[in-house]
Amino acid sequence: MRGSGAKIAGVLPLFMLFIAGTISAFEDIERLRIWPLPAQVSHGGRRMYLSGDFKLVTEGSKYGDASGILKEGFDRMLGVVRLSHVISGDRNSSGTGGSALLQGLHVIISSSTDELEYGADESYKLVVPSPEKPSYAQLEAKSVYGALHGLQTFSQLCHFNLKKKVIEILMTPWNIIDQPRFSYRGLLIDTSRHYLPLPVIKNVIDSMTYAKLNVLHWHIVDTQSFPLEIPSYPKLWNGAYSSSQRYTFEDAAEIVNYARRRGIHVLAEIDVPGHALSWGKGYPALWPSKNCQEPLDVSSDFTFKVIDGILSDFSKIFKFKFVHLGGDEVNTTCWSATPRIAQWLKKHRMSEKEAYQYFVLRAQKIALSHGYEIINWEETFINFGSKLNRKTVVHNWLNTGLVENVTASGLRCIVSNQEFWYLDHIDAPWQGFYANEPFQNITDKKQQSLVLGGEVCMWGEHIDASDIEQTIWPRAAAAAERLWTPYAKLAKNPNNVTTRLAHFRCLLNQRGVAAAPLVGGGRVVPFEPGSCLAQ
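Since this is a predicted model, take the numbers as computed values, not measurements.

A.B. asks: So what's going on with the nonpolar core? Which residues, and what values?
C.D. replies: Formed by 153 residues in total, the largest nonpolar core has its most connected members in Trp279, Phe314 and Phe318. Residues in contact with tryptophan 279, not counting those within four places in the same chain, are Val221, Phe226, Leu236, Ile270, Val272, Leu286, Leu296, Val306, Ile307 and Ile310. Counting residues in hydrophobic clusters, the runner-up holds ten residues, among them Tyr118, Phe320, Phe322 and Val393.

Spelled out as structure tokens, the structure:
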């Protein structure tokens, strides 16, 4: 997005610079209780308090906030700031001992639109004055979604003063200039292996905003269940676990809108031709045969009509520029084992592998016809990379070195290498999530530009509504900082950020997010009685 706030653009260097202040070494960085770490930070050593009627001011902003996204974000920010304790001090006079009061936040946004576009400017500049010049903090951003990130950072500068029972900001003045390292910072959730109720999905979305993640990859359906209503083919959700474990079309639209108003894209996935047995519960004709039910029947035009119907319906609510078509772990033996499909293969002079390629490419054409660009799992590139549509993004999950090969071929890539960024690997510690480098072995700038970012994956075989939050957090936060903060040196020794991450984990707990302790692997219980900060 372009606008008049050009003074923010072009300020940020390729690597993070801590400008004059107290920040000079890793031990000083640990004093900053901000996650993910901003690109540029300077601060002082003074204390200020938030006024009791701390307000939002938007004079001078081109953004009119007709849909209320900024006001909602401001109210949410105040809500989480005031959540940890009951504020009972007199925040306008004697309760602060005559110290300076911050009256509000002046937000200036240079774009007039609130359309959520992939790759839009997410930068912001946040200035909190010194006590000698109290009044208003100032937040400048190109887009309202950059401003939402600024609000998240501001919320982490605020602390509850237990003695005065008011909200304070320490180490003022603050000057923060920030933007993300990668445009794609994702989290996958899986509603096919276990159904996740709408409030649970919304809670996950809220928690994503705290760590500045911006893509919810919704792996909606799979072999085990098909919980989503598809108006064009209403029997598809016969594949749900039960009639109560389903999402209406309106439910999906609600999730997309809820995420959008928080600056989060929703990437919908249908994993074809494999991982689709549940489709045949409503339409058995999609199966190769009654006894051989996966992958989808490659020989039938009906298969592709159903895919077309799904993507046509998707296009009405899933407005993200990408759709995920899966394409992984395809066992094609059912095709040759089914006489009529074997005859079709023979007629068209196709091997099983060639039929697999035919299926993937035909599904891609359907997605393109509905205005989508395509994401496919890495097996499609491994098997027939040069044949993929050039609008394909390859989603890495298996092979070391694949990202280098994909970008060398000129295709874009998303990193989710399972040894580091699979959250369902319960014993994987947060340090591995933090140390993982999307640019590993890629030094060519053009190839680096083709790495869109990365995604942590919360596969649902052993996760449901009862334990999803503590399985995601705080390990997803470790990856989130790697995707946001352009400072590679921190990742060389993840222990340098332990104190900050422990503080963020406690902050998540205070905000009602069931983030697990840092000590141990993922989803561990507290080791012994003690402080949240020591776990």
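Here the narrative resumes.
A.B. asks: Requested: an account of the UniProt feature "glycosylation site" in the protein chain, with residues and values cited.
C.D. replies: On the UniProt side, "glycosylation site" is annotated at positions that read Asn92, Asn331, Asn405, Asn441 and Asn496 here. Note that asparagine 331 resides in the loop between β10 (322-324) and α7 (333-337). When sequence neighbours within four positions are dropped, the list of residues in contact with asparagine 331 reads Glu294 and Pro295. Polar contacts involving the side chain of asparagine 331 include one to the side chain of threonine 333, which spans 2.9 Å. The topology assignment puts asparagine 496 in the loop between α16 (475-484) and α17 (498-510).

A.B. asks: Describe in detail the state of the cysteines, supporting the description with residues and values.
C.D. replies: Per the stated rule, a full pass over the model turns up two disulfides. In this model, cysteine 292 is linked to cysteine 334 through a disulfide, with the two sulfur atoms separated by 1.7 Å. Sign of the S-S torsion, about -110° for the bond between cysteine 292 and cysteine 334, identifies this disulfide as left-handed. You can see cysteine 292 sitting in the loop between β9 (265-269) and α6 (301-317) and its partner cysteine 334 sitting in helix α7, a full 42 residues away along the chain. Each member of the pair, cysteine 292 as well as cysteine 334, carries the same accessibility label: buried. A sulfur-sulfur distance of 2.0 Å marks the disulfide that ties cysteine 506 to cysteine 532. On the S-S bond that ties cysteine 506 to cysteine 532, the torsion sits near -120°, and the link is left-handed. Within this pair, whereas cysteine 506 is found in helix α17, its partner cysteine 532 is found in the segment after α17, the two being separated by 26 residues in sequence. You can call cysteine 532 partly exposed: its relative accessible area is 25%. Of all cysteine sulfurs, the one in cysteine 506 lies closest to cysteine 158, which takes part in no disulfide; the gap is 18 Å. Classification of cysteine 158 by relative accessible area gives buried; the value is 10%. No disulfide involves cysteine 413; its sulfur sits 12 Å from the nearest other cysteine sulfur, which is in cysteine 457.

A.B. asks: Quick rundown of the pattern of salt bridges? Include the residues and the values.
C.D. replies: Enumeration according to the criterion identifies 21 salt bridges in this entry. Salt-bridge contacts for arginine 47 lead to glutamate 168; the nearest nitrogen and oxygen are separated by 2.6 Å. With arginine 47 in strand β1 (residues 40-57) and glutamate 168 in strand β6 (residues 166-178), this pair connects stretches of sequence that are 121 residues apart. By relative accessible area, which is 40% here, arginine 47 ends up partly exposed. It is possible to trace a salt-bridge network through shared partners that takes in Asp190, Arg193, Asp222 and Glu461.

Criteria and cut-off values
- Residues numbered from 1 in each chain as written.
- Predicted model: local features only at pLDDT ≥ 70, side-chain atom pairs only at ≥ 80, totals over all residues.
- Heavy atoms only, no water.
- Core = buried A, V, L, I, M, F, W, Y, C linked by side-chain atoms within 4.5 Å.
- Buried < 20%, exposed > 50% of the residue type's maximum accessible area, 1.4 Å probe, protein only.
- Contact = heavy atoms within 4.5 Å.
- UniProt positions renumbered as here; feature names shortened; annotations may be inferred.
- Helix = DSSP H or I, 4+ residues; strand = E, 2+ residues; numbered from the N terminus.
- Polar contact = N/O pair within 3.5 Å; in protein donor to acceptor, adjacent residues only side chain to side chain.
- Disulfide = S-S within 2.5 Å.
- Salt bridge = Lys/Arg side-chain N within 4 Å of Asp/Glu carboxyl O.

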